[in-house]
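Take a look at the letters that make up each chain.
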Amino acid sequence: MSLIVVGSMAFDAIETPFGKSDKIVGGAATYIAWSASNFTRPVKQISVVGGDFPREEMKILEARGVSMEGVQVKENEKSFFWSGRYHLDMNTRDTLETQLNVLGNFKPVVPDSYQDCEFLMLGNLLPSVQLSVISQLKNKPKLVILDTMNFWMDTAMADLEKVLKKIDVLLVNDAEARQLSSHYSLVSAAKAIMEMGPKYLIIKKGEHGALLFNEDKVFFAPALPLEVVFDPTGAGDTFAGGFIGHIAKTKDISFENMKSAIIVGSAMASFCVEKFGTTRLRELKREDIDNRIHAFKELTKFDIELG
Ligand code: AMP
């Protein structure tokens, strides 16, 4: 039984008020795999890269228990490329460039060895590709989670609406929730989005934490106040990796366990932002993760006497 992760594996170029990166390895599925493999293995990856993508990178992920059987390598094409610039608040950013390259005509093939999938994490990528992976699975997974972004709402809304009907949990940020629902209030947005298909909705609010909605229930997890926020790229994907990693490890899809999974996701995301790209995720030890989850518990723990 296993976890499948679908998403972009890419090159990114990032500008923040504190610095600028060259073309570095990124992509939604890259961050998710780095994060989730701390909690569950194997992670069965589905993506596509060009001949320019470093083989070394794939080998390092394989050594961490991330299967590359479902990752296509198009030798004569270029990998997906994204560049973005963060505003001073480090919470909002502008996309400067999106070059789909290999992603543009990606036809994912789910290998037979992936058919034991119990948990499916559909990371950010074309909604038609996300749909294709769902329809190739012979058995319905226990939980299907989907991440998407404004780019796909602008360019592929009809496919996005189709895939929303087939998933259990949707992960978006606050601006995306507002765009998708046309509601400003996040509570109204959540109600409208859950009517579009997903039973659970997670709204990420960057440094202001994350909300989990299901029916009339709401849970809020803060983000850890950090002294250094260097590069928020991939924080959402790292959050998703921690969330699904915890669910796959515990095999418990109750609302109560999703609350814990959100804390794990938030803890992982708090590491991601401390250095450029995946640098910080590569350094992590089990003890670092445990200490940070403990810091989250302390942050929100209080006693109150009601008179
Ligand atoms: P996040 O900061 O968590 O929203 O994710 C940033 C990552 O998403 C970067 O590493 C990009 O390569 C990747 N990304 C950006 N735009 C897209 C897109 N339209 N489709 C797939 N992946 C994308």
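The following refers to the structure shown. Source: prediction; values computed, not measured.

**Topic: the site of the ligand**
Around the ligand, a shell composed of 19 residues is seen, among which S8, D12, G27, G234 and D237 lie nearest. In this structure, a nitrogen atom belonging to the ligand sits 2.8 Å away from a side-chain N or O atom of S8. Between an oxygen atom of the ligand and a main-chain N or O atom of G27, the distance comes to 2.7 Å. The protein chains hide 94% of the 510 Å² of surface that the ligand would expose on its own. Put simply, the parts of the chain that give the shell around the ligand at least two residues each are β2 (10-16), β7 (80-86), α4 (150-155) and α8 (235-250).

**Let's talk about the side chain of S37**
Secondary-structure assignment places S37 in the loop between α1 (28-36) and β5 (43-50). Here the side chain of S37 touches A33 through a polar contact of 2.7 Å, landing on its backbone oxygen. Among the polar contacts made by the side chain of S37, one reaches the main-chain carbonyl oxygen of W34 at a distance of 3.3 Å.

**Topic: the sheet that holds strand β1 (residues 2-6)**
Judged by pairing direction, the sheet is mixed, and its 9 strands sit side by side in the order β6-β5-β1-β9-β10-β11-β12-β13-β14 without closing on themselves. Bordering the open sheet on either side are β6 (66-74) and β14 (217-221), each of which pairs with just one other strand. Averaged over neighbouring strand pairs, the angle between their axes works out to 15° when direction is ignored. Two elements, β5 and β6, share 7 bridges in a ladder whose sense is parallel. Bridging across to β6, V48 finds its partner in Q72. Strand contacts of helix α2 (residues 55-63): β5 and β6, with the helix running at about 160° to β6, the strand carrying the most contacts.

**Thoughts on the pairing of strand β10 (residues 143-147)**
Buried residues dominate β10, accounting for 5 of its 5 residues. Pairing analysis gives 4 bridges linking strand β9 (residues 117-122) to β10, with the strands arranged parallel. Looking at the pairing, F119 lines up with L143 of β10. Of the crossover connections in this fold, the one passing from β9 over helix α3 (residues 127-136) to the parallel β10 is right-handed. As judged from the 3 bridges shared by β10 and strand β11 (residues 169-173), these two strands associate in the parallel manner.

**With respect to the packing of aromatic side chains**
Under the criterion given, the structure shown has 3 aromatic pairs. When the centroid spacing of 5.8 Å and the interplanar angle of 45° are considered together, the rings of F11 and F53 count as tilted. One end of the pair, F11, is in strand β2; the other, F53, is in the loop between β5 and α2, with 42 residues separating them in the sequence. One exposure class covers both F11 and F53, and it is buried. Ring geometry for F230 against F276: centres 5.1 Å apart, planes inclined by 80°, an arrangement best described as edge-to-face. One end of the pair, F230, is in the loop between β14 and α8; the other, F276, is in the loop between α9 (255-272) and α10 (279-283), and 46 residues separate them in sequence. On the basis of relative accessible area, F230 is assigned to the partly exposed category, the value being 27%. Directly above the ring of Y184 sits R178, whose terminal nitrogen or CZ lies 4.0 Å from the centroid. Its guanidinium or amino end placed over the ring of F255, K217 lies 5.2 Å from that ring's centre, counting from NZ or CZ.

**So, the environment of Y31**
Mapped onto the elements of the fold, Y31 is located in helix α1. Among the residues examined, Y31 registers a relative accessible area of 1% and is labelled buried. Placed 250 residues apart in sequence, Y31 and L281 show a C-alpha to C-alpha distance of 8.3 Å. Once you skip the residues sitting within four places of it in the chain, Y31 turns out to touch D12, G26, T233, G234, D237, T238, C272, G277, T278 and L281.

What counts and how
Residues numbered from 1 in each chain as written. Predicted model: local features only at pLDDT ≥ 70, side-chain atom pairs only at ≥ 80, totals over all residues. Heavy atoms only, no water. Near = heavy atom within 4 Å. Polar contact = N/O pair within 3.5 Å; in protein donor to acceptor, adjacent residues only side chain to side chain. Areas by Shrake-Rupley, 256 points an atom, 1.4 Å probe, with all protein chains shown as cover. Helix = DSSP H or I, 4+ residues; strand = E, 2+ residues; numbered from the N terminus. Pairing = 2+ DSSP bridges. Axes fitted to C-alpha atoms, helices over the stretch in contact; angles between N-to-C directions. Contact = heavy atoms within 4.5 Å. Buried < 20%, exposed > 50% of the residue type's maximum accessible area, 1.4 Å probe, protein only. Right-handed = clockwise from strand over helix to strand, strands pointing away. Phe/Tyr/Trp six-rings, centres within 6.5 Å; stacked < 30°, edge-to-face > 60°. Lys NZ or Arg CZ within 6 Å of the ring centre and 35° of its normal.

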